[in-house]
Structure formats: C-alpha cells, structure tokens
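Each chain is listed here by its residues.
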Amino acid sequence: MKREQAIHSARVYLAEARNRRGERFFWVLLAWAASARRRAAALQPRAQLELF
C-alpha cells in the first residue's frame, strides 16, 4: 500500500467514525484509522537519515 492510500484510508475511517458517533463500531473505526496513520508514517521516506 502506498503512503497516499494509507492516508486516504485513515481519512475515510475518521469520517465514517464521525458519522457513527455513539455506536460501538465507532471505536473499531478509530483503531483502523490509527493503524492506517501508523502505516503511512512507516512508509514516509527518511531523507534526514540519508544525510549522515
């Protein structure tokens, strides 16, 4: 999965979680969004490390 796809997935999960506020599935969507954000962060290029 590309970084842009992971970020898009996280945004979709967060939007759906806002629509389902008050339901138990809300918490599952938040966990999925957090996982997608972590996946996107892991795919981010580490340009700073390449300088040393």
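Everything that follows concerns the structure shown earlier in this document.
Residues numbered from 1 in each chain as written. Predicted model: local features only at pLDDT ≥ 70, side-chain atom pairs only at ≥ 80, totals over all residues. Heavy atoms only, no water.

Draft legend 1. Spatial organisation of the overall build of the protein chain. Scanning the protein chain from N- to C-terminus turns up three helices and zero strands. Taken from the N to the C terminus, the helices and strands of the protein chain come in the order α-α-α. Here the protein chain holds 52 residues, and 17% of them are scored as buried. Accessible area of the protein chain: about 4500 Å², with a carbon and sulfur share of 55%. (Helix = DSSP H or I, 4+ residues; strand = E, 2+ residues; numbered from the N terminus. Buried < 20%, exposed > 50% of the residue type's maximum accessible area, 1.4 Å probe, protein only. Areas by Shrake-Rupley, 256 points an atom, 1.4 Å probe, with all protein chains shown as cover.)

Draft legend 2. Here's a closer look at the packing of helix α1 (residues 3–19) against helix α2 (residues 25–42). Two numbers describe how α1 lies on α2: the axes approach to 8 Å, and their chain directions differ by 160°. As the angle between them shows, α1 and α2 are arranged roughly antiparallel. α2 is crossed by α1, and the crossing has left-handed handedness. Contacts from Arg-3, Ala-6, Ile-7, Ser-9, Ala-10, Tyr-13, Leu-14, Glu-16 and Ala-17 in α1 reach Phe-26, Leu-29, Leu-30, Trp-32, Ala-33, Ala-36, Arg-37, Arg-39 and Ala-40 in α2. (Axes fitted to C-alpha atoms, helices over the stretch in contact; angles between N-to-C directions. Parallel < 35°, antiparallel > 145°, perpendicular 65-115°, else oblique. Left-handed = near helix turned anticlockwise from the far one by under 90°. Contact = heavy atoms within 4.5 Å.)

Draft legend 3. Inspection of a nonpolar patch on the surface at higher detail. A contiguous nonpolar patch, built from Phe-25, Val-28 and Trp-32 and spanning about 250 Å² of accessible area, is present on the exposed surface. Mapped onto the elements of the fold, Val-28 is located in helix α2. Accessibility expressed as a relative area gives 33% for Val-28, which makes it partly exposed. (Patch = residues over 30% accessible without salt bridge, like charges linked within 9 Å, V, L, I, M, F, W, Y side chains within 5 Å. Salt bridge = Lys/Arg side-chain N within 4 Å of Asp/Glu carboxyl O.)

Draft legend 4. Focus on the pattern of salt bridges. The final tally for this structure, using the stated rule, is two salt bridges. A salt bridge links Arg-20 to Glu-16, with the nearest nitrogen and oxygen atoms 2.8 Å apart. Measuring nitrogen to oxygen at the nearest pair gives 3.4 Å for the salt bridge that ties Arg-20 to Glu-23. Look at the salt bridges and you will find they share partners, linking Glu-16, Arg-20 and Glu-23 into a network.

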